[in-house]
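A closer look at the structure
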Amino acid sequence: MPLKGKTALITGSAKRIGRSCALRLAREGISILIHYNNSETEAEELAESIRLAGGKAWTICQDLSEKGGAESLMERGLNITGGLDYLVNSASIFPKSSYEDVTPENFEENLQINALSPFFLTRSFAAMSKNAECVVNFLDTRIVDYDREHLAYHLSKKMLFSMTRILSQELAPRLRVNAVAPGLVIPPPGMTEEYLKERIHTNPLQKIGTLTQVSDSMLFLITNTFITGQVIFVDGGRHLKGSFYGL
Ligand SMILES: NC(=O)c1ccc[n+]([C@@H]2O[C@H](COP(=O)([O-])OP(=O)(O)OC[C@H]3O[C@@H](n4cnc5c(N)ncnc54)[C@H](OP(=O)(O)O)[C@@H]3O)[C@@H](O)[C@H]2O)c1
């Protein structure tokens with residue numbers, strides 16, 4: 001599938017998994033619109049490194065906790081790039097919350113950033129970009145289980161899972177919508193590798209995944225034009241321990 005000359009918007013791509021996806025797609029000759037919220041320096045450095053390697057990249061800032069932020073990001077992104085073929089929804093927050101302490105504000109923030117923003121980005125992508133081909137959402141292997149320490153996050157990712165399936169039907173046959181659900185890959189911001197090592201027993205393969213394994217899966221979903229509404233768990237089999245009622 002010819003990818004050279006295509007353009008992708010990747011949310012939250014200044015760092016970590018989003019950054020790795022940006023570099024992976026740029027290696028295929030795809031131009032990248034790097035979205036960030038606070039990480040301007042990292043976003044500019046990434047854009048520069050893509051340009052130095054012969055690729056094309058732009059940066060764009062948007063706080064996705066703002067109502068209307070997703071639509072504004074898409075509109076400005078299309079003006080900058082002149083058209084988008086792919087949308088990768090990687091931006092996310094992962095704050096702690098439990099049954100006892102979750103608040104309406106906490107619920108709202110998680111839903112807004114992790115689920116509603118990808119939904120409205122996808123809807124405006126489909127409506128505004130005539131080249132729109134494919135969306136990849138980032139879920140979490142925890143969606144098949146119950147994560148009592150991150151209740152609001154957990155529910156927002158479950159919602160995004162349902163949205164992936166709903167949108168894949170709403171937007172077919174023009175657009176495909178799929179998802180990658182990572183497991184242990186990189187520790188949450190502020191945590192060390194110890195966080196991952198302590199949890200290695202939670203997946204049957206007893207491994208920590210790599211950024212390359214995650215970004216390769218995202219690329220596979222972009223290139224395979226017969227797949228929609230699908231989730232690839234890149235999690236060492238962790239999802240097998242969950243309940244499919246979770247789905
Ligand atoms: N890391 C893992 O092992 C793992 C495991 C399971 C699932 N996942 C999923 O995979 C995806 C990528 O993971 P990650 O660990 O790379 O994510 P992350 O570092 O937690 O977050 C990615 C980016 O989201 C952006 N973001 C946060 N709040 C925002 C807001 N209000 N508006 C706009 N952008 C905002 C941040 O951008 P700025 O830095 O520019 O503010 C941040 O760099 C996420 O969807 C995550 O849930 C990751």
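The rules we used
Residues numbered from 1 in each chain as written. Predicted model: local features only at pLDDT ≥ 70, side-chain atom pairs only at ≥ 80, totals over all residues. Heavy atoms only, no water. Near = heavy atom within 4 Å. Polar contact = N/O pair within 3.5 Å; in protein donor to acceptor, adjacent residues only side chain to side chain. Areas by Shrake-Rupley, 256 points an atom, 1.4 Å probe, with all protein chains shown as cover. Helix = DSSP H or I, 4+ residues; strand = E, 2+ residues; numbered from the N terminus. Nonpolar A, V, L, I, M, F, W, Y, C, P; charged D, E, K, R; others polar. Axes fitted to C-alpha atoms, helices over the stretch in contact; angles between N-to-C directions. Parallel < 35°, antiparallel > 145°, perpendicular 65-115°, else oblique. Left-handed = near helix turned anticlockwise from the far one by under 90°. Contact = heavy atoms within 4.5 Å.

Attention shifts here to the site of the ligand. Arg-16, Asn-37, Asn-38, Ser-39 and Leu-64 are the nearest of the 27 residues found near the ligand. At a separation of 2.9 Å, an oxygen atom of the ligand approaches a polar backbone atom of Ser-90. Considered on its own, the ligand offers 890 Å² of accessible surface; in the complex 90% of this is hidden by protein. Among the secondary structure elements, those contributing two or more residues to the shell around the ligand are α1 (16-27), β2 (31-36) and α5 (151-171). Class assignment for the residues of the shell around the ligand results in 12 nonpolar, 10 polar and 5 charged.

As a further point, take the packing of helix α3 (residues 69-81) against helix α4 (residues 104-128). Between α3 and α4, whose axes approach to 8 Å, the crossing angle comes to 40 degrees. When the axis of α3 is compared with that of α4, the two are oblique. In this structure, the crossing between α3 and α4 has a hand that is right-handed. Contacts between α3 and α4 pair Ala-70, Glu-71, Leu-73, Met-74, Glu-75 and Leu-78 from the former with Ser-117, Phe-120, Leu-121, Ser-124, Phe-125 and Met-128 from the latter. For the contact of α3 with α4, the residue count by class is 8 nonpolar, 2 polar and 2 charged.

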